[in-house]
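Letter by letter, the chains look like this.
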Amino acid sequence: MMAAGLQRALTAARAWKRDESLRGRLTNIGHLLSGNFVSGIIGLGAIALTARAIGPQNYGFLALAITFTRAVERLVTFQSWQPIIKFGAEVSGPEHRDDLRQLLKFGFLLDGVGAIAAFIVAVTLTLTAGSLMGWNQQVVTLVAIYCTTLLFNINGTPTAILRLNGRYQAAAYGPVGNAIARVALCGIGVWMNADLAYFVLVWMGSQILGSLTFLAFSIQTLRRSGVRNVLSAPVKGVTRRFEGLWSFAWQSNLSLTIRSSAQQLDTLLVGALAGPAAAGFYHIAKQVGRMAQQIGFHAQSVLYPDVARLWASRRLKEFKRAIIQVEAMLAGFGVAVFLGLLMLAEPIVRLTAGPEFTAAAPLMIVQGAAVSLMLAGFPSRSALLAMGQQRNLLKLETVATVAFHATALTLIPLVGAMGANFAHMVLGLITVVGVTMLLRRQLRAEMPGQGPRPLPQPPAETQEAAR
């Protein structure tokens, strides 16, 4: 029986080796991983320099400022890349260029309104509730200043543009220059014996630079593809032309927001329930876990546009094969990450943040186990979004996130920052089981032999001009 299973695995491996679409996905994922690895290693240098310069207590405050701003961004802004990719995959032909321009303008408007709303919410919360989180007046002022980064966070539609056009190199290697600038400025801060305020400004400035660079890459990509004057496109009637756009946008965005609350509020919960120093240790542990989790985000970046196109054209066999291939890759990577951290977590912490941060090593190991679980659910989640199952995803994410917060609030007061890691393991387990069951049910229900779904048609005047 084992021999038969091994034979099937070898047969599948040989078939995958000849699969050009898989090779293309692996190439794109490889670009994203290479860029992420380089920028991540450089980023660890910035973390190490900052932590050594200002110490655990002040680094904890900086970690809380960064996490707070990121949490507001994820919870308030509209993740427009999901609906833009979903509906943009259906209007990729030249005859639908006006449709695409209209869709992209809709996305940019969502991004702009979300950025302004996030800034207002973040500053208001900082000034009114900062004291409740244990921040003194200096920290409240620095966090309010750091919230300026939110005004430049126009990343949703640029993300969709780069992914739809296969410009993964730009997305991969663009952040490297930003990371180099950050670590250089942190080095100058160490040399100058700078205080917390200097490092807050460095991290804020580099974040803004990264957002502007990303936007510039996306605009250049649009110009190369022949799509121009996006902001002059009429947005009126966009929801009639793309039926279900608002419903998909709200539900998928709410699902991502709920899921992100666990990823973004965990450090704040640790800081509130276990103190700033514990938050600093947890933040350092999470950086390595986040680097590992990036492969899941990168795989989803490549897989989601592909499966959206495959589902739109009802190429079900290719659709299922693409999901299985990426799931197998991520499962292997997740196991490797956990085993690597099991052996190397403490040396990594000592070489980066320093010996006084070694308490972060056990946190890093359990974080690796949680990340391994989460990685396994990325391909199925992408597939469900492509299938229009955002409502079921919303229900699942709500259940998993409630379980996360219940576990975190129960365990953090008892075992400190480790309780947040256990909560992430609960979240990952519920999510991966849930998305797997949902996907299998939807695939069984799908009737074979259905033709492609009708694509949105260009306006009558455009069709007349084409004739």
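In this text the structure is predicted, and so the values were computed from the model without any measurement. (Residues numbered from 1 in each chain as written. Predicted model: local features only at pLDDT ≥ 70, side-chain atom pairs only at ≥ 80, totals over all residues. Heavy atoms only, no water.)

Helix and strand content of the chain: 17 helices and zero strands. Relative to its 467 residues, the chain shows a buried fraction of 54%. Within the chain, residue pairs in contact and separated by at least 24 positions form 85% of the contacts whose partners lie at least 6 positions apart. On the chain, roughly 20,400 Å² of surface is accessible, and the fraction owed to carbon and sulfur atoms is 66%. (Helix = DSSP H or I, 4+ residues; strand = E, 2+ residues; numbered from the N terminus. Buried < 20%, exposed > 50% of the residue type's maximum accessible area, 1.4 Å probe, protein only. Contact = heavy atoms within 4.5 Å. Areas by Shrake-Rupley, 256 points an atom, 1.4 Å probe, with all protein chains shown as cover.)

Attention now goes to the nonpolar core. Residues Tyr59, Leu62, Phe68, Trp135, Trp203 and Val270 are the most contacted members of the largest nonpolar core, which totals 68 residues. In terms of residue count, helix α2 (residues 20–76) provides more of this core than any other element does, 15 residues in total. Counting 54 residues, the second-largest nonpolar core is a separate cluster that includes Ile85, Leu256, Leu393 and Val435. (Core = buried A, V, L, I, M, F, W, Y, C linked by side-chain atoms within 4.5 Å.)

A separate point is the packing of helix α3 (residues 81–88) against helix α6 (residues 156–164). Running from N to C, α3 and α6 cross one another at 35°; their axes reach a closest spacing of 8 Å. The hand of the α3/α6 crossing is right-handed. Across the interface between the two elements, Trp81, Ile84, Ile85 and Gly88 from α3 touch Gly156, Thr159, Ala160, Arg163 and Leu164 from α6. Classifying every residue of the contact of α3 with α6 gives five nonpolar, three polar and one charged. (Axes fitted to C-alpha atoms, helices over the stretch in contact; angles between N-to-C directions. Left-handed = near helix turned anticlockwise from the far one by under 90°. Nonpolar A, V, L, I, M, F, W, Y, C, P; charged D, E, K, R; others polar.)

Scanning all chains against the criterion turns up two cavities of 30 Å³ or more. The space that makes up the second largest cavity amounts to roughly 40 Å³. Every residue along the wall of the second largest cavity is listed here: Phe61, Leu62, Ala65, Val139, Leu142, Val143, Leu196 and Val200. Of all the secondary structure elements, the ones that give two or more residues to the lining of the second largest cavity are α2, α5 (137–146) and α8 (196–224). (1 Å grid on protein atoms, 1.4 Å probe; cavity = no way out; pocket = protein on both sides within 12 Å on 5 of 7 lines; lining within 4 Å. Points joined across faces, edges and corners; volume = space filled by probe spheres on them.)

Looking now at the pattern of salt bridges. For the structure shown, the criterion picks out four salt bridges. A salt bridge links arginine 315 to glutamate 318; its shortest N-O distance comes to 3.0 Å. Relative accessible area serves as the criterion here: at 29%, glutamate 318 is assigned to the partly exposed category. Here arginine 381 makes a salt bridge to glutamate 397, at a shortest N to O gap of 3.1 Å. (Salt bridge = Lys/Arg side-chain N within 4 Å of Asp/Glu carboxyl O.)

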